[in-house]
Amino acid sequence: QAQLVESGGGLVQAGGSLRLSCKASGRTFSWYAMGWFRQTPGKEREFVAAISWTGGSTNYADSVKGRFTISRDNAKNTVNLQANSLKPEDTAVYYCAAARSVSERRSSYEYWGQGTQVTVSS
């Protein structure tokens, strides 16, 4: 059974950093594009960042561009999201997902993790 498991969330002060990780198991995701989304209560899940299966192409939401960096290690079946200069508005549950190609659309993603909570205090 294909599974994505996120880790690395937590509580951090504004201006701080967190490194989120997503570990894939049950199948090889090396050929999949990987993405990060986030969601707050009452709002739709929104795109944060995505990376191609080679790692050569990345996309970012305007709200995180210049502060967040997505990367992957196909040998370890992991994808990471380095989140710097965090703001209170970055508070959300962050989800890892896998798609056949890089996309900012939720509907493009076939596999989803359970999410990890990120809370940024002001």
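For the structure itself, consult the block above.
Quick summary incoming for the structure in this document.

Quick notes on the rules
Residues numbered from 1 in each chain as written. Predicted model: local features only at pLDDT ≥ 70, side-chain atom pairs only at ≥ 80, totals over all residues. Heavy atoms only, no water. Helix = DSSP H or I, 4+ residues; strand = E, 2+ residues; numbered from the N terminus. Buried < 20%, exposed > 50% of the residue type's maximum accessible area, 1.4 Å probe, protein only. Salt bridge = Lys/Arg side-chain N within 4 Å of Asp/Glu carboxyl O. Core = buried A, V, L, I, M, F, W, Y, C linked by side-chain atoms within 4.5 Å. Contact = heavy atoms within 4.5 Å. Polar contact = N/O pair within 3.5 Å; in protein donor to acceptor, adjacent residues only side chain to side chain.

For the rest of this paragraph, the subject is unusual backbone geometry. Despite not being glycine, N77 has its phi angle at roughly 55°, a positive value. Despite not being glycine, S85 shows a phi value in the positive range, around 50°. Following the sequence through the fold, S85 ends up in the loop between β8 (78-83) and β9 (92-99). Residue S85 is classed as partly exposed on the basis of its relative accessible area, which comes to 41%.

The subject of this paragraph is the pattern of salt bridges. All chains considered together, the criterion is met by six salt bridges. One salt bridge connects D90 with R38, and the closest N-O pair in it is separated by 2.9 Å. Here R38 lies in strand β4 (residues 33-39) and D90 lies in the loop between β8 and β9, a separation of 52 residues in the sequence. Judged by its relative accessible area of 6%, R38 falls in the buried class. Within this structure, R38, E46, R67 and D90 form a network of salt bridges that share partners.

We now examine the nonpolar core. Among the nonpolar cores identified, the biggest contains 34 residues, and M34, W36, L81 and Y94 are the most heavily contacted of them. Of all the secondary-structure elements, those providing two or more residues to this core are β3 (18-25), β4, β5 (46-51), β7 (68-73), β8, β9 and β11 (116-121). Sequence-distant contacts of L81, defined by excluding residues within four places in its chain, comprise L18, R19, L20, W36, V48, A49, F68, T69, I70 and Y94.

Measuring from C-alpha to C-alpha, the distance between R38 and A49 comes to 9.8 Å, with 11 residues separating the pair along the chain. Apart from the residues lying within four places of it in its own chain, the contact partners of R38 are E44, R45, E46, V48, S63, V64, F68, E89, D90, A92, V93 and Y94. A polar atom in the side chain of R38 sits 2.9 Å from the side chain of D90.

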